[in-house]
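# Structural overview
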Amino acid sequence: MTQDWEDVKVLAHELGNSKWEYRALAQLGIAAYQEGNVQIAITDVGMAVTAATAANDSGALIRFFTLIGQGHADSGKYAQALPYLENSLKLAAVTPEAGYRFLTNELKTKTLIGLGQLDNAKHLADEIRTRAAQSGRREHEAIALHWLGRIADISQDVTSAL
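Attention here is on the structure that accompanies the text. For clarity, every value in this text was computed on a predicted model and none was experimentally measured. The residue numbering used here restarts from 1 in each chain and proceeds along that chain's sequence as written. The model is predicted, so local features are restricted to residues of pLDDT at least 70 and side-chain atom pairs to those at 80 or more, both for listing and for counting; the totals for chains, interfaces and linings are taken over all residues. As a rule here, side-chain values come from all non-hydrogen atoms in the structure, and water together with hydrogens is ignored.

### Notes on the side chain of Thr95
- Here a helix means four or more residues in a row that DSSP labels H or I, a strand means two or more in a row labelled E, and each is numbered from the N terminus. Within the element layout of this structure, Thr95 appears in the loop between α5 (78–93) and α6 (102–114).
- Contact between two residues is taken to exist if any of their heavy atoms lie within 4.5 Å; hydrogens are not considered. In contact with Thr95, other than residues within four places in its own chain, are Ser58 and Ile62.

Here you go:
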């Protein structure tokens, strides 16, 4: 995967396509994170965020903020994750073509649970489940049910957990 994104970055540079150059840089940062190279990931994604901000590339920023939030949430750094996820959702709300952000909302649910904000997490998981059911997105419906079960378990609400 890394070589593919390196190739995209080089080609984008050669073609003068800065949009795909910084998007490829972000993907390289994500790959670096997955390989445990956190400092490279921070640098690459940070540079990509700066370039996307300058280019007013809402689609890229929505994705980048979600992925930064995911990195923090997956590391148990929920307080650091939440602002990135919320920024992603705020930007998506004013970008109609972004659609409903299932992944971002699922990560926010996980983050809220991690922060002990179970009522807010339950409300969001219910919203995800409803949106998923309405749009036939079974995978996201299942994920929402997982989080609702987790919330019920933490709350020791056996009836809801079933």
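### Comments concerning the pattern of salt bridges
- Throughout this description, the term salt bridge denotes a Lys or Arg side-chain nitrogen within 4 Å of a carboxyl oxygen of Asp or Glu. A complete count under the given rule lists seven salt bridges for this structure.
- For Asp74, the salt bridge identified is with Lys110, shortest N-O distance 2.8 Å. Of this pair, Asp74 sits in helix α4 (residues 58–74) while Lys110 sits in helix α6; the two residues are 36 residues apart in sequence, bridging distant segments of the chain.
- A salt bridge links Arg150 to Asp153, with the nearest nitrogen and oxygen atoms 3.1 Å apart. Taken as a pair, Arg150 and Asp153 lie in helix α8 (residues 138–154) at a separation of three residues, close to a single helical turn.
- We classify Arg150 as partly exposed; its relative accessible area is 36%. The buried label applies to any residue whose accessible area, calculated with a 1.4 Å probe on protein chains only, is under 20% of its type's maximum; exposed applies above 50%, and partly exposed to all values in between.

### Observations concerning the environment of Met47
- Within the secondary structure layout, Met47 lies in helix α3 (residues 38–54).
- Classification of Met47 as partly exposed rests on a relative accessible area of 47%.

### A look at the packing of helix α2 (residues 18–34) against α4
- Where α2 contacts α4, the two axes come as close as 11 Å, and the packing angle between them is 10°. Put simply, α2 runs roughly parallel to α4. For the pair α2 and α4, contact is made by Tyr22, Arg23, Ala26, Gln27, Ile30 and Tyr33 and by Gly59, Ala60, Arg63, Phe64, Leu67 and Gly71, respectively.
- By residue class, the composition of the contact of α2 with α4 is seven nonpolar, three polar and two charged. Here the axes come from fitting lines to C-alpha atoms, over the contacting stretch only for helices, and the angles between their N-to-C directions go from 0 to 180 degrees. When describing relative orientation, an angle under 35 degrees is termed roughly parallel and one over 145 degrees roughly antiparallel, while 65 to 115 degrees is termed roughly perpendicular and anything else oblique. For this classification, the nonpolar set comprises Ala, Val, Leu, Ile, Met, Phe, Trp, Tyr, Cys and Pro, the charged set comprises Asp, Glu, Lys and Arg, and every other residue, Gly included, is treated as polar.

### Details of the nonpolar core
- Buried residues of nine kinds, namely Ala, Val, Leu, Ile, Met, Phe, Trp, Tyr and Cys, make up a nonpolar core once their side-chain atoms join them within 4.5 Å. Ile113 and Ile128 are the most contacted members of the largest nonpolar core, which has 15 residues in total.
- Sorting the residues of this core by element identifies α6, α7 (118–135) and α8 as the ones contributing at least two each.
- Considering each element in turn, this core owes the most residues, six residues, to α7.
- Residues in contact with Ile128, not counting those within four places in the same chain, are Tyr100, Phe102, Asn105, Glu106, Thr109, His140 and Ala144.
- In this structure, Tyr22, Val45, Leu61 and Phe65 belong to the second largest nonpolar core, which totals 11 residues.

### Here we look at the packing of aromatic side chains
- Two aromatic rings, drawn from Phe, Tyr or Trp (for Trp, its six-membered ring), form a pair once their centres lie within 6.5 Å of each other, and the interplanar angle then sorts them: stacked below 30 degrees, edge-to-face above 60, tilted otherwise. Per the stated rule, a full pass over the model turns up two aromatic pairs.
- Each ring, one from Phe65 and one from Tyr84, has its centre 6.3 Å from the other, and the planes form 45°; the classification is tilted. Here Tyr84 lies in helix α5 and Phe65 lies in helix α4, a separation of 19 residues in the sequence.
- Ring geometry for Tyr100 versus Phe102: centroids 4.8 Å apart, planes at 75°, classification edge-to-face.
- By relative accessible area, Phe102 is classed as buried at 6%.
- We call a charge positioned over a ring when the NZ of a Lys or the CZ of an Arg lies within 6 Å of the ring centre and within 35 degrees of the ring normal. Stacked on the ring of Trp20, the Lys or Arg Arg23 has its end atom at 5.3 Å from the ring centre.

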